[in-house]
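Understanding the architecture of this molecule
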Amino acid sequence: MKTINWQIGLMAFVAASITSCTHQKAGASGISKGPYLQNPTQTEITVCWVSDIDSIGSIGYSVKSGGDIKKVQESVPTSYHKVHLTGLSAYTRYIYTVTCEGRIGKGEFITAAKPNQPFKFIAYGDTRTQPKVHESVLKSMAQFQPDFVIQSGDLVANGEEESQWKVFWETASSFMSNVPYFPALGNHERNASPYFKYFDVKNEYSFDYGNTHFVALDTNRDSSEYPAQNEWLKKDLAAHQSATWRVVFFHHTVHTCVDKPDRRAQSKLLAARLEPIFKAGHVQLVVNGHDHDYQHHFNDGIHYVVSGGGGAPLYSVTPDTEHVVKAKSVHNHVRIEVNGGTMKITAIEPNGDVIESFEVKSK
């Protein structure tokens, strides 16, 4: 009976929200992109969506297993909605309903794990120009039911073009309405304003999830900014040495065996700058994109995984570099399972074939 009452209550909330909406423009959509999820912690999450016009929306949410429905309503009209839900319980699954301008968007999410809880996430990147391929990758990703995703950049081919973002959201919204998404800037985002309007993140940022500390870097910076970036990274890693795992993700590769001489040369320069910081900061895993394929390199105790196979046209690889472990020119995503001091990493093709699977110990 409790579950039935909860369902009736949610239906009543949705009906009331629709009734209270005021259409400001004929044909305008209150949810033209999304909803989608960002920045989960043990007690908070951000629910985002985009409307065609400035408007006020609301969110009703509840523990999925049943419970009281809570409501949050925006106070200021906007087109880029970022609503923070607070007072949540750790590693608990919730359902939510967004209503805005007569439109409804639904999804569910899980809050961040406590340090002693296992969790799982996905890494991938370079979704760009082939939405059908991206869709196939997302379908495979959904089968894993990840707690969240890290994306290593190049979500679209030209971050200044809203038409390309429209295709991205049409392809990814259904997945992102149920899985929190942590992006990093690629070169194709061009540091343009749409990226920062859509995503509630900075150029670079860090966060904690379970027993793991994550860092997202912007490797598109001018060389004059390297010293400041290096110092920020050093301080951030030094402040999180108590974490069991330290994972850094960004767009450009530190190691690569792609068949592009200029890419190999650029990777060596990036390795010379960042790898000493990773070693000193006891980073165990680095995730990159940029090269449209799958690669795994290992150097001085650090695993470097390149998963640039989210949808962009593939690049060929020749596994002839010093630290390469595995390389394959194929679309892919990487599934990562964290259980205490063990991390299992599995690279998957869209059809479900396993490219590679290996385990890493934290010490």
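These notes cover the structure that comes with them. None of the values given here were measured: they were computed from a predicted structure. (Residues numbered from 1 in each chain as written. Predicted model: local features only at pLDDT ≥ 70, side-chain atom pairs only at ≥ 80, totals over all residues. Heavy atoms only, no water.)

Description of the layout of surface pockets
So the rule is basically this: Only protein atoms enter the 1 Å grid used here. Points where a 1.4 Å probe fits but cannot escape make up a cavity, open sets with protein on both sides within 12 Å along at least five of seven lines make up a pocket, and a residue lines them when an atom lies within 4 Å of a point. Grid points are joined across faces, edges and corners, and a volume is the space filled by probe spheres set on the points. Strands here are runs of E lasting at least two residues and helices are runs of H or I lasting at least four, both read from the DSSP assignment and numbered beginning at the N terminus. The classification used treats Ala, Val, Leu, Ile, Met, Phe, Trp, Tyr, Cys and Pro as nonpolar, Asp, Glu, Lys and Arg as charged, and all other residues, Gly among them, as polar.
Approximately 240 Å³ is the volume found for the largest pocket. Taken together, T219, R221, Y226, H252, T253, R263, Q266, S267, L269, L270, R273 and H290 make up the full set of residues lining the largest pocket. Element by element, the count of residues in the lining of the largest pocket is highest for helix 6 (residues 261-280), at 6 residues. Class assignment of the residues belonging to the lining of the largest pocket gives a composition of 3 nonpolar, 6 polar and 3 charged.

Things to note about the packing of helix 5 (residues 226-238) against helix 6
What counts here: Between N-to-C directions, angles span 0 to 180 degrees; the directions come from axes that are lines fitted to C-alpha atoms, helices contributing only their stretch in contact. Should an angle fall under 35 degrees it is called roughly parallel, over 145 degrees roughly antiparallel, and 65 to 115 degrees roughly perpendicular, with every other angle called oblique. Each crossing gets its hand from how the near helix is turned against the far one by less than a right angle, where anticlockwise is left-handed and clockwise is right-handed. The contact definition used throughout considers only heavy atoms, calling two residues in contact when any of these lie within 4.5 Å.
Two elements in contact, helix 5 and helix 6, have axes whose closest approach is 10 Å; the angle formed by their N-to-C orientations is 15 degrees. Here helix 5 is positioned roughly parallel relative to helix 6, judged by the angle of their axes. Our pair here, helix 5 against helix 6, has a crossing hand that is right-handed. On the side of helix 5, the interface is formed by Y226, Q229, N230, L233, K234 and L237, while helix 6 contributes R273, L274, I277 and F278. Along the lines of polarity and charge, the residues of the contact of helix 5 with helix 6 split into 6 nonpolar, 2 polar and 2 charged.

Let's talk about the packing of aromatic side chains
Filter applied, for reference: Two rings belonging to Phe, Tyr or Trp (six-membered ring only in the last case) form a pair when the distance between their centres is within 6.5 Å. Interplanar angles under 30 degrees mark stacking, angles over 60 mark edge-to-face geometry, and anything in between is tilted. Throughout, exposure labels follow a simple rule: accessible area from a 1.4 Å probe, protein chains only, divided by the maximum for the residue type, with under 20% read as buried, over 50% as exposed, and the rest as partly exposed. Each ring is checked for a lysine NZ or an arginine CZ that lies within 6 Å of its centre and within 35 degrees of its normal; such an atom marks a charge sitting over the ring.
All chains considered together, the criterion is met by 31 aromatic pairs. Here F119 and Y209 contribute two aromatic rings whose centre-to-centre distance is 4.9 Å and whose plane-to-plane angle is 55 degrees, an arrangement assigned as tilted. Note that F119 is positioned in strand 8 (residues 119-124) and Y209 in strand 11 (residues 205-209), a separation of 90 residues in sequence. Overall, Y209 belongs to the buried group, its relative accessible area being 0%. What links up through ring pairs into an aromatic cluster is the set Y36, Y80, Y124, W165, F168, W169, Y181, Y195, F196, Y198 and F199. The ring centre of Y226 lies 3.8 Å from the NZ or CZ of R273, which sits over that ring.

Things to note about empty space enclosed by the protein
Per the stated rule, a full pass over the model turns up 1 cavity of 30 Å³ or more. Here the largest cavity is characterised by a volume of approximately 30 Å³. If you go around the largest cavity, the residues you meet are T127, R128, P131, H134, L155, V167, F168 and T171. For the lining of the largest cavity, the element with the highest residue contribution is helix 3 (residues 162-176), accounting for 3 residues.

Quick look at the sheet that holds strand 16 (residues 302-307)
Formally: A pair of strands is considered paired only if DSSP assigns at least 2 bridges between the two.
A sheet is described by the order of its strands in space; here 7 strands give the open sequence 11-12-13-14-16-15-17, paired in mixed fashion. The open sheet has two free edges, formed respectively by strand 11 and strand 17 (324-328), since each of these has just one partner strand. Along the sheet, successive strands turn relative to each other by an average axial angle of 15 degrees, direction set aside. Bridge count between strand 12 (residues 212-216) and strand 13 (residues 245-249): 5 bridges; the pairing is parallel. By the bridge assignment for strand 13, A216 is matched with F249. Where helix 5 meets the sheet, it contacts strand 11, strand 12 and strand 13, and its direction lies at approximately 170 degrees from that of strand 12.

Observations concerning the sheet that holds strand 2 (residues 45-55)
Taken in spatial order, the 3 strands of this open sheet run 1-2-5, and their pairing is antiparallel. Since the sheet does not close on itself, it has two edges, and those belong to strand 1 (33-38) and strand 5 (78-85), each with one partner. Averaged over all pairs of adjacent strands, the angle between their axes in this sheet comes to 25 degrees, without regard to strand direction. Relative to the sheet, helix 3 contacts strand 1 and strand 5, its axis offset from that of strand 1 by approximately 65 degrees.

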